[in-house]
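# Fold and contact review
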Amino acid sequence: MSRPLRPRAVLSALSVLVLLSACGGSGKEAPGKGTAASDAPAHGDAIIEGSIGDISGFLSAVTTDASSHEAAGYVFNGLVRYDKDLRLEGELAESWDISPDGKKITFRLRKGVTWHDGAPFTSDDVMFTYRRMIDPKTPTAYGEDFKQVKRASAPDPHTFVAEYARPFAPALASWGMHILPKHLLEKHPDISRSPLNKKPVGTGPFRFVEWKTGEKTVFDANPAYFEGKPYISRVVTRVIPDLATMFLELKSGGLDLMNLTPLQYTRQTETAEFRKSFNRFRYLSSGYTYLGFRLSHPFFKDSKVRQAIAHAVNKKEVIEGVFFGLGQEATGPYKPGTWPYNPNVKRYPHDPSKAKELLAEAGWKEKDGDGVLKKDGRRFEFTVLTNAGNENRAKTAAIIQQNLSAVGIKMEIRTVEWAAFINEFVKKRKFDALILGWNITPDPDQYDVWHSSKTGPDELNHIGYANAEVDRLLEEGRRTFDTGKRKKAYFRIQEILAEEQPIVFLCYPDSLPAVHKRFRGIVPAPAGISYNFIQWYVPKGEQKYTTFRQ
């Protein structure tokens, strides 16, 4: 399910599954029955959702995939979060003050909040989380934001103060990181190896029940949740690695919610039977699909080669053939319509002749008539990896394979199960190229993705991109609160990325969730549909699941 949970960068298993759906909702609220008593909000029932990828753990500090962050969002809270309009609001923090120079944030924490085991939540937990985020023993991709803190203090149980040496624009948003329970984790130097990464205890709206690896995760509503007990009593996420199978499960009643593929949305959900049972929603997702290169690979070190591939790839064919027009051509790492987005960067129209010209300039030429370019005795052959079960990416790879063949490049396609894809290939940098997706966060700071210092195995610059000017601009963008100055920095970053093409930005796809009609309270907003998930409900007379423990 698409939920605006954390202001973090995460890898997405589905190009239509994102955590932060900053979008203009074109869907409408599920039709209800007025204010009749039979349609009144009621506690009970369960929601069964489908996910193509299993989780890798529940502690979002040490995971980087969307499935894991999604699951963690049921159990944990941050000090802040994004509201329905993508503005920061308090979560575990009731309020805060920011000093006039922007270098000090004083958080006033909610009182009466308890962990799921009954222990009180206090500022000691926030201090513990901060210290673990900057601890070298914590294998986190997100520690950089917290290393900007010069001094942290907890003067009383309900106050936490973060002081910065220099202005840091993403400071407030960074405290959306899930807060960890000190009393349960302080004896574990490496929190990624603690029992809580498999059996979490948080302060969130749902309590962990079970995780069956490769099968499902289960959560029950937290009756003591500080914002009120969620109406839906149980959330089950089923791992179904194939989207066609997932869709069959949706139609047969085995699922209540999934993100549809464009084919399913446009061709397979127009029946009266489907419309009777499900509501569909459509909005531009906060994410993009891309073809990325391991830049240390000898084939991809030359920007002319990457530019040639960008010209060879037919993005319009991908958008029309794979996404059925339900998306927009991607030109960079920011979402169209948002203030950091630069609409005037260099573009690469489909031009095989130009691609061949650039490849020839880079020394790649056809020499023996077999249709494959060669240089220094090597054929231009490589393998692209993507995650299994995602038909959109498989079809995208097939189109790119044809596009590249037309200019003399032979590309093999390999699909790998999501968890293995991330842990065995992406993290270990064992790939030539890959087709994957990034989520786009509301704050434009993408230091962790593009800075040259962030290329370690547990960090997010997995392609190994390094550019001194981009490094400097990333620093400039996060060191001022002046939107005009930040915009100038991010516009220039996009110009450099467009010129160098370290990845080929392919598509900003639409998000296409389908939800069973018995669920009420769904109101699309810029944040998508799930920002108010604890307020979704099923009228008593329509509840389907009633036999589990509540």
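Residues numbered from 1 in each chain as written. Predicted model: local features only at pLDDT ≥ 70, side-chain atom pairs only at ≥ 80, totals over all residues. Heavy atoms only, no water.

Quick look at the overall build of the chain now. If you tally the helices and strands in the chain, you get 16 helices and 23 strands. Across its three principal directions, the C-alpha atoms of the chain cover 75 × 60 × 40 Å. For the chain, the residues scored as buried account for 61% of the 550 residues in total. Considering only intrachain contacts with a sequence separation of at least 6, the fraction spanning at least 24 residues in the chain is 71%. As presented, the chain carries roughly 20500 Å² of accessible surface, and 49% of it is formed by carbon and sulfur atoms. Each charge class in the chain can be summarised by its mean position, and for the 77 positive and 65 negative side chains these summaries are 1 Å apart. (Helix = DSSP H or I, 4+ residues; strand = E, 2+ residues; numbered from the N terminus. Buried < 20%, exposed > 50% of the residue type's maximum accessible area, 1.4 Å probe, protein only. Contact = heavy atoms within 4.5 Å. Areas by Shrake-Rupley, 256 points an atom, 1.4 Å probe, with all protein chains shown as cover. Lys, Arg positive; Asp, Glu negative; His and termini not counted. Charge placed at Lys NZ, Arg CZ, Asp CG, Glu CD.)

Attention shifts here to the pattern of salt bridges. Should the charged atoms of two oppositely charged side chains come close, the side chains can pair. Taken as a whole and judged by the stated rule, the model has 41 salt bridges. Of the charged contacts, one joins R238 and E249 as a salt bridge, the two residues approaching to 2.6 Å between their closest N and O atoms. Taken together, the residues span a long stretch of sequence, with R238 in strand β11 (residues 234–239) and E249 in helix α6 (residues 243–252) at a distance of 11 residues. Of the residues examined, R238 reaches a relative accessible area of 26% and is grouped as partly exposed. Among the salt bridges present, the one from E381 reaches R379, with a minimum N-O distance of 2.7 Å. Overall, E381 belongs to the partly exposed group, its relative accessible area being 34%. (Salt bridge = Lys/Arg side-chain N within 4 Å of Asp/Glu carboxyl O.)

It is worth spelling out helix α1 (residues 66–75) at this point. Think of an α-helix as turning once every 3.6 residues; residues three or four places apart then point the same way. Along α1, 10 of the 10 residues are buried, which leaves the element largely enclosed by surrounding structure. Taken together, the buried positions of α1 are A66, S67, S68, H69, E70, A71, A72, G73, Y74 and V75.

A positive phi is found at D45, a non-glycine position, where the angle reads about 75°. Looking at the secondary structure, you find D45 in the loop between β1 (11–12) and β2 (46–51). Its identity as a non-glycine residue notwithstanding, Q501 has a phi of 50°, on the positive side. Mapping Q501 onto the fold places it in the loop between α16 (483–500) and β22 (503–511). Q501 gets classed as buried once you look at its relative accessible area, which sits at 3%.

Glancing now at the pairing of strand β7 (residues 149–156). Across 5 bridges, β7 lies against strand β8 (residues 159–164) in antiparallel orientation. Within the sheet, the bridge partner assigned to R151 lies in β8 and is E163. From the end of β7 to the start of β8, which pair antiparallel, there are 2 residues. (Pairing = 2+ DSSP bridges.)

With that out of the way, let us pick up the environment of R151. Relative to the helices and strands, R151 is located in strand β7. A residue is classified by how much of its surface remains accessible, and R151, at 44% relative accessible area, is partly exposed. R151 sits 10 residues away from V161 along the chain, and the two C-alpha atoms are 8.1 Å apart. In contact with R151, other than residues within four places in its own chain, are V161, A162 and E163.

The 4 strands lie next to each other as β5-β6-β8-β7, forming an open sheet whose pairing is antiparallel. Two strands in the sheet have a free side with no partner beyond their single neighbour: β5 (93–98) and β7. Within this sheet the neighbouring strands show an average axis-to-axis angle of 15°, counted without direction. Pairing of strand β6 (residues 104–109) with β8 involves 5 bridges; the strand directions are antiparallel. Bridging from a neighbouring strand, R108 pairs with T159 of β8. Along the sheet, helix α2 (residues 123–133) makes contact with β6, β7 and β8, crossing β7 at roughly 160°. (Axes fitted to C-alpha atoms, helices over the stretch in contact; angles between N-to-C directions.)

What follows concerns the packing of aromatic side chains. Under the criterion given, the structure shown has 32 aromatic pairs. Ring geometry for Y74 and F219: centres 5.1 Å apart, planes at 40°, overall tilted. Residue Y74 is located in helix α1, and its partner F219 is located in strand β10 (residues 216–221); the two are separated by 145 residues in the primary sequence. On the accessibility criterion, F219 (0% relative accessible area) is buried. With a centroid separation of 4.7 Å and an interplanar angle of 25°, the aromatic rings of F274 and F278 are classed as stacked. Judged by relative accessible area, F274 falls into the buried class, the value being 4%. In this structure F278 comes out as buried when scored by relative accessible area, which is 6%. Through pairs of rings, three or more aromatic residues link up here, namely F58, Y74, F206, F208, W211, F219, F533 and W536. The lysine or arginine in question, K430, covers the ring of F425, its NZ or CZ lying 5.9 Å from the ring centre. (Phe/Tyr/Trp six-rings, centres within 6.5 Å; stacked < 30°, edge-to-face > 60°. Lys NZ or Arg CZ within 6 Å of the ring centre and 35° of its normal.)

To continue, consider the confidence of the model for the chain. Of the residues in the chain, 93% reach a pLDDT of 70 or more, and the chain-wide mean stands at 92. Segment residues 1–8: pLDDT under 50, and 61 contacts once partners within four positions in sequence are set aside and those in other chains are kept. Contacts for the low-pLDDT stretch residues 14–35, under 50 throughout, to residues beyond four places or in other chains number 96 contacts. (pLDDT = per-residue confidence, 0-100.)

This paragraph deals with the packing of helix α9 (residues 303–312) against helix α11 (residues 352–361). As a packed pair, α9 and α11 sit with axes 8 Å apart at the nearest point and diverge in direction by 165°. One way to sum up the angle between α9 and α11 is to call them roughly antiparallel. When the axes of α9 and α11 are compared, the crossing they make is left-handed. From α9, K304, V305, Q307, A308, H311 and A312 reach across to α11, where they touch P352, K354, A355, L358, L359 and E361. (Parallel < 35°, antiparallel > 145°, perpendicular 65-115°, else oblique. Left-handed = near helix turned anticlockwise from the far one by under 90°.)

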